[in-house]
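Remarks on the overall topology
The residues making up each chain are set out below.
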Amino acid sequence: MIMRAVAIIPILGTVLPAAAAFVAIVPNLATSFAPNTAGFVAGPESSPSSSRAAPSSLLLSSPSSSDGSSPPRSSLPFFAASPMLRQQQQQQQQPQTAATVTLRLPLGTIFDGRDYIFVTESNVRSYEWTTREADLLMDDLIDAASLGGGGGRGGGGGGSGPTGLGLRAVPDIPTSDWDPNVYGLGNRYDVYDGQQRLVTLNLLLAGLRDSFRREADGLSSSRLAGGGGGGGGGDGKGGKRAVALAATAHEISGMLMPTKVRKSEVLRITLRRRDNVILERILMGGGGGDDDDDDSTTPDKYPQMSKEGRAALLSTLSPANSRILHNFVHLSNRLTSLTTRERLRLLDYVVERVHLLVCIPETSRIARNIVLSQQGRRRGMDNEPIDDFKGLVCFRYTLDEDDMYRTFDSWDALASEPVMSTGGTTRDDSAPAAIVGAIGSVGRDVLSSACLLRASASLRTKIRSSRDRGGGDEVYEWERWLRRQLYMRNDVSHNEVRQSDDDSAEQQQRQQLPSWQGKDFFVEEIAPASIALYKFRTGLWDGFVFLSKTTTRKQRDTTIARLNFLRDIALGVTSAKEAEIVILELLLRVEHGDDSSLSRYLDDILPLIEKTALWMALMRPSSMQRHARVFALLDSMDDFDSVGGLGMAKAMGDNERVVSSLREAMNLYEFGASIGGKRLAGAILKRMNAHLMIEEKKNVPDGGSDAAVVDVIEPNWTSEEGERVANRIGNLALVSSSALPAPRNRRAKKSSGSLWESKVKRYKKEPWILTRQVAEFDQWNVDAVHDQQGDVLSLMDLVWS
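Report on the accompanying structure. Remember, it's a predicted structure, so these values are computed and weren't measured experimentally. What you see as residue numbers is a count from 1 along each chain, following the sequence as written. It should be noted that, the model being predicted, local features are given only for residues of pLDDT at least 70 and side-chain atom pairs only at 80 or more, the latter also being counted only at that level, while totals for whole chains, interfaces and linings use all residues. The side-chain numbers reported here are obtained from all heavy atoms of the structure, hydrogens and water having been left aside.

Details of the overall build of the chain
Selection rule: Each helix is a run of H or I in the DSSP string that is no shorter than four residues. Each strand is a run of E no shorter than two, and both are numbered from the N terminus. We call two residues in contact whenever any of their non-hydrogen atoms come within 4.5 Å of each other. The Shrake-Rupley method, run with a 1.4 Å probe sphere, supplies the accessible areas, and residue values consider only the shown protein chains as cover.
Along the chain, the regular secondary structure elements total 31 helices and 8 strands. Contacts in the chain between residues at least 24 apart in sequence constitute 74% of all its contacts with a sequence separation of at least 6. Counting every atom, the chain has about 35,100 Å² of accessible surface; 50% of that belongs to carbon and sulfur.

So, in C-alpha cells, the structure goes:
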C-alpha cells in the first residue's frame, strides 16, 4: 500500500522511517500550519498581547554552548532552532499567498485531476459520522437528483431544473510538500473543516463505482454464458451497456485516485495513518479483476462480508476505520436498491450540481476563524482551538510516530467526560502514568481552561479566548507557551550533554535530538494542570497529596476553607475569574514541588491569593488591573524574599490601605440586590463561619447534598432607613438549602405575623455560628442589622488581615 503514511509523512517514492522523515520535513509542516511561524512572536501574526510578553525574546535565539558558540544548526530540530532562520527558509521554499480565495466549484471540477488533493494534518478530529449522518447526506442527494437536477435524460442536463446543492465552506491551507517531480502538476491542501463531508462523498462515489463495475461484470459474464447473443463481438446491446458501465466505473476511479503516467499514486483524500487503513483500501478499489475473485477482503466484497469477518478485520484498527467501513457498507447496500438509471442520475447530480465552497485562506488563523464562524449546528462535535493545539502537541512537536498516537490517545482519555475510576486505572489503559489514578478524565472544557491558565502564568500575558466577547486566537499563545517550554527544557538538556565526558556515538545521537518534546509537554504540563484544575473546581480536596503533609489539623482545615472560598469566588464572580491563574500555579507547586516550601506557600502565599480574589470581587477592577495583580503574585511566588516586601507592595499595595478599602467596599456592597451578589455573600459568610468553627475546633460542613445558601433575614422594610440596609451583608444569613420554606408557606408565615419567630427557630438549628448569632436577637430591626454588620466587618479584619 503506497499511501499508508501520507497523512503524517509525505511519500517521496519510498516510506522513510518516522522520526527521520519528520525531522526532514518539519519546516514544511510548520509552514502548512502557520505560514509565518515567527509571526506569533514578533511579527504581524501576533495577537495584541504577544508583544508585551517578556519570554518572547527567548524564542528568537538558539541555545548556545558554554563557550558562547552555537551548536550546529543541523543538530537541532525545527522547534529548537531559531524562528528567524526558519522564517527565512520558509520564504525561500514557499511563496506567500496573496489573499484569501473562495471558489464555488462543482464536485466534478474538484475531483478532476490532481489540482485538489486533500489531507487532514491539522484536523485532529477523527472521522465521526455514523450511518445516520451518511443517510441524511445521501437522502438529500437522491431527493435533489430525482427533482430533475441530474443532468441525464430525465434530469434537464441542458441547464433546466434546480441550480444544485451547495455544501458549506471547506477551509484549506496549501501544504508545501507537493513535489511536482514525484506527483506531477497539482496541489495538496490541509483540510481545516469539512473532513466528514469529504470522506462521506468519497465513500458514496466508491459505492457507485463498485456498483457499476459489478453490473458491467455481470453483463459480460451473462453475455459470454449466453454464447455471445445480442449481436456478438461486443456489438450487441448487452455488450455496449457493459462497456459503458465499465467506463463509468473507470471514470469514478480516476476521481478517487487520479492517475498520471510516470508519477506516483495519490488518493483524493487521506486521513492520519492510523485512521486511513480502510479508507485507503476503499478508494483504491478491488479492481474487479480475476485476482480479486477469491479475496473476500477487497473493498468491493465488503458489503457481502459477515459480521464476524468485519469484526476480525476491524479488531486491530481504530474506531474511525470502523465508522468508515460501516458507512461504506451501508451506502453500498442502499445503492443496490436503486435502478441503473437512478444511480447514473445520482452520479451526474453529484458531479455536476453539488458545489463546495473551497476557501483557501491567507493564513491558518483565518482558516480557524472561518471554522469557528461555521460552528453551532453540531454542538459538541465542532473543531475548537483546543483541537488545533492538540494537533501541535501530539503531531507537530512530537518526533516518533508511535509517540504521536500514544499522546493522541492519552489526550482523548483526559478530555473525555469525567468518570471516576477505582483500582488506580482509567478507562484507557494506554494513558500515561501521569494521569492514572483516581481521576482519568476531566472533560474538554477543563483541559482547555487549564491550558489557558497555564499559558497566561508562563507567558505573563492576558490571553483572550475565542469564547470571550470580541473573540481571540489562543492557539498562537498556546504555541508560544509550548515553544518556550521546549526551548528551556532542551537548552538545559543540551548543556548537560555538552558538559558530559561521554563522547560515545549514542551520546552524540542524543545530542542531535531533543530530549523533551510535545509528548513530554503533555505528560508534565497539560495533564497535571488539567487534573489539578478539575479537583479544584469540583472541590475534591482529598485528591491532593499535599494536604496530607500539613503539619496540624488546623492548618489543613484552614487551607481547605481558603480553597473553598477561592473556588466559590473564582467560579461564581465574573470579576474574580483571573484568580484561577495564580490558584492553579500554587496548586501545582505544592502538589508536585519541594515539601520544604509547603508551609511558605500555604501560610504566606495562599492568604495573599485569597485577599486578591476578595479585592477583585468587591472592587471590580478592570481586566488589566486584575492581571497586573495576578502577575505580581506570580513573581512573588518565584521569590519568597519579596513576600511582604517590594513584591507584595507591587501586588497588593499598602496592606492597611487595602484592608481599609475592602472593609469600606464590603460595608456598602449591595449583596442582596442580585444573584451574583448573593453568591459573593455566600462565599464570604462561609469563609467567616469556617474561620470561627476552626478556632473553636469544630467540624466545618463540607457543603454536600444540603448546600448552604444565602437567606435575606428581613426582605420587607417599611422605613427608608430599613430600605438602605435591606441588601447589606448584615441582613443576610447562611442557611442550609433544606431549611428554607417553600414560597407558598413563606407567604403564609408572613401573613400570620410570625416570620421572625419561624426564622429564629430555623436559625438556631444551623451549624453556622454567625447564623445562630442572628437568632439571639429579640427582634430584627435596623439596629440589629447594624450590629450584625459590625460583627461581620470586624471578623473580616481577623480573616483577611
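Next, the rest of the story.
What to know about the layout of surface pockets
The cut-off we apply is this: Buriedness of a pocket was judged along seven lines, with at least five required to meet protein on both sides within 12 Å; pockets are open sets of points on a 1 Å grid over the protein atoms alone, cavities are sets where a 1.4 Å probe fits but cannot get out, and lining residues have an atom within 4 Å of a point. Grid points are joined across faces, edges and corners, and a volume is the space filled by probe spheres set on the points. Here the nonpolar group is Ala, Val, Leu, Ile, Met, Phe, Trp, Tyr, Cys and Pro; Asp, Glu, Lys and Arg are the charged ones; every other residue, Gly included, is treated as polar.
Counted as a void, the second largest pocket has a volume near 700 Å³. Lining the second largest pocket we find 28 residues, and of these L452, I463, S465, D468 and K577 sit closest to its centre. Every element with two or more residues in the lining of the second largest pocket is listed here: α14 (385-396), α16 (444-459), α20 (553-572), α21 (579-592) and α23 (623-638). Looking at which element gives the most residues to the lining of the second largest pocket, the answer is α16, with 6 residues. For the lining of the second largest pocket, the per-class residue count stands at 8 nonpolar, 7 polar and 13 charged.

Some thoughts on helix α31 (residues 782-800)
Rule in force here: In a helix, the anticipated span is given by 1.5 Å times the number of residues less one. A 3.5 Å cut-off defines polar contacts: any pair of N or O atoms within that distance qualifies, except that in protein one atom must be a possible hydrogen donor and the other a possible acceptor, and neighbouring residues in sequence count only when both atoms are side-chain atoms.
Here α31 is 19 residues long and its end C-alpha atoms lie 27 Å apart, about the 27 Å a rise of 1.5 Å per residue gives. Where α31 begins, one side-chain oxygen reaches toward the backbone nitrogen of D783, 3.2 Å away; that side chain belongs to N781.

Some remarks on the nonpolar core
Here is the rule: We call a set of buried residues a nonpolar core when its members are Ala, Val, Leu, Ile, Met, Phe, Trp, Tyr or Cys and they connect through side-chain atoms within 4.5 Å of each other. Note on classification: 1.4 Å probe, protein chains only; a residue is buried when its accessible area is under 20% of the maximum for its type, exposed when over 50%, partly exposed between these limits.
By size, the foremost hydrophobic cluster in this structure holds 109 residues, and its most contacted members are F389, W411, I526, M666, F671, I684 and M688. The element contributing the most residues to this core is helix α22 (residues 598-619), with 13 residues. If we skip the residues at most four places from it in the chain, M666 touches L614, L618, F671, I684, M688, Q789, V792, L793, M796 and W800.

What about the environment of I117?
Summarising the element assignment, I117 is placed in strand β2 (residues 117-119). For I117, a relative accessible area of 1% puts it in the buried group.

Here we look at the side chain of R188
With respect to the helices and strands, the residue R188 is situated in strand β4 (residues 188-191). Given a relative accessible area of 2%, R188 falls into the buried group.

Focus on the environment of Y405
Inspection of the secondary structure assignment puts Y405 in helix α15 (residues 401-415). The spatial distance from the C-alpha of Y405 to the C-alpha of K519 is 9.7 Å, given a sequence separation of 114 residues. Polar side-chain contacts of Y405 include one of 3.1 Å to the backbone nitrogen of R273.

What about the sheet that holds β4?
How we decide: Criterion used throughout: strands pair if DSSP finds at least two bridges between them. With axes taken as lines fitted to C-alpha atoms, and helix axes fitted only over the stretch in contact, angles between N-to-C directions fall between 0 and 180 degrees.
Strand order in the open sheet formed by 6 strands is β1-β6-β3-β4-β2-β5, with mixed pairing between adjacent strands. The sheet terminates laterally at β1 (101-106) and β5 (269-270), the two strands that pair on one side only. The pairing of β1 with strand β6 (residues 354-360) spans 6 bridges and is antiparallel. Opposite R104, over in β6, you have L357 as the bridge partner. Where helix α12 (residues 340-352) meets the sheet, it contacts β1, β3 (165-174) and β6, and its direction lies at approximately 25° from that of β6.

Thoughts on the pattern of salt bridges
The condition that has to hold: Any carboxyl oxygen of Asp or Glu that lies within 4 Å of a side-chain nitrogen of Lys or Arg is treated as forming a salt bridge with it.
Going through the model one piece at a time under the given rule, you end up with 39 salt bridges. R334 is paired through a salt bridge with D135; the nearest N and O atoms lie 2.9 Å apart. With R334 in helix α11 (residues 319-336) and D135 in helix α5 (residues 131-149), this pair connects stretches of sequence that are 199 residues apart. By sharing partners, the salt bridges in this structure join R454, R460, R489, E524, E525, E585, R589, D635 and D638 into a single network.

Some words on the packing of α20 against helix α26 (residues 675-695)
The line we're drawing: The cut-offs work like this: below 35 degrees is roughly parallel, past 145 is roughly antiparallel, 65 to 115 is roughly perpendicular, and the gaps in between are oblique.
Their axes nearest at 9 Å, the elements α20 and α26 cross at an angle of 175°. Comparing their axes, α26 and α20 come out roughly antiparallel. Facing K554, D557, T558, A561, R562, F565, D568, I569 and G572 of α20, the residues of α26 in contact are R679, L680, A683, I684, K686, R687, A690, I694 and E695. Taken together, the residues of the contact of α20 with α26 break down into 8 nonpolar, 2 polar and 8 charged.

Side note on a negative patch on the surface
Our working definition: Residues enter patches when their relative accessible area tops 30% and they take part in no salt bridge; the joining distance is 9 Å for like charges and 5 Å for the nonpolar side chains Val, Leu, Ile, Met, Phe, Trp and Tyr. As used throughout, the charge tally considers Lys and Arg to be positive and Asp and Glu to be negative, leaving His and the chain termini uncounted. Charged side chains are reduced to one point each, which is NZ for Lys, CZ for Arg, CG for Asp and CD for Glu.
A surface patch of negative charge is lined by E721, D783, D787 and D791. Here the negative patch takes 3 residues from α31, the largest share from any one element. Note on placement: E721 falls in helix α27 (residues 720-725).

Focus: the packing of aromatic side chains
Defined as follows: Pairing of aromatic rings covers Phe, Tyr and the six-membered ring of Trp, with a centre-to-centre limit of 6.5 Å; geometry is then stacked below 30 degrees between planes, edge-to-face above 60, and tilted otherwise. Only when the NZ atom of a Lys or the CZ atom of an Arg is both within 6 Å of the ring centre and within 35 degrees of the ring normal do we say a charge sits over the ring.
Scanning the entire structure with this criterion turns up 19 aromatic pairs. Relative to Y405, the ring of F395 lies with its centre 5.7 Å away and its plane at 75°, an arrangement referred to as edge-to-face. Taken together, the residues span a long stretch of sequence, with F395 in helix α14 and Y405 in helix α15 at a distance of 10 residues. Both residues of the pair, F395 and Y405, count as buried. Ring geometry for W756 and W780: centres 5.7 Å apart, planes at 25°, overall stacked. Of the two residues, W756 is situated in helix α29 (residues 755-764) and W780 in the loop between α30 (769-774) and α31; the sequence distance between them amounts to 24 residues. Taken together, the aromatic side chains of F389, W411, W478, W481, W516, F521 and F522 make up a single cluster linked through ring pairs. Taking the ring centre of F408 as reference, the NZ or CZ of K390 above it sits at 4.1 Å.

Comments concerning the side chain of S318
Locating S318 in the fold gives a position in the loop between α10 (307-314) and α11. When near neighbours in sequence (up to four residues on either side) are disregarded, S318 contacts R274 and D275.

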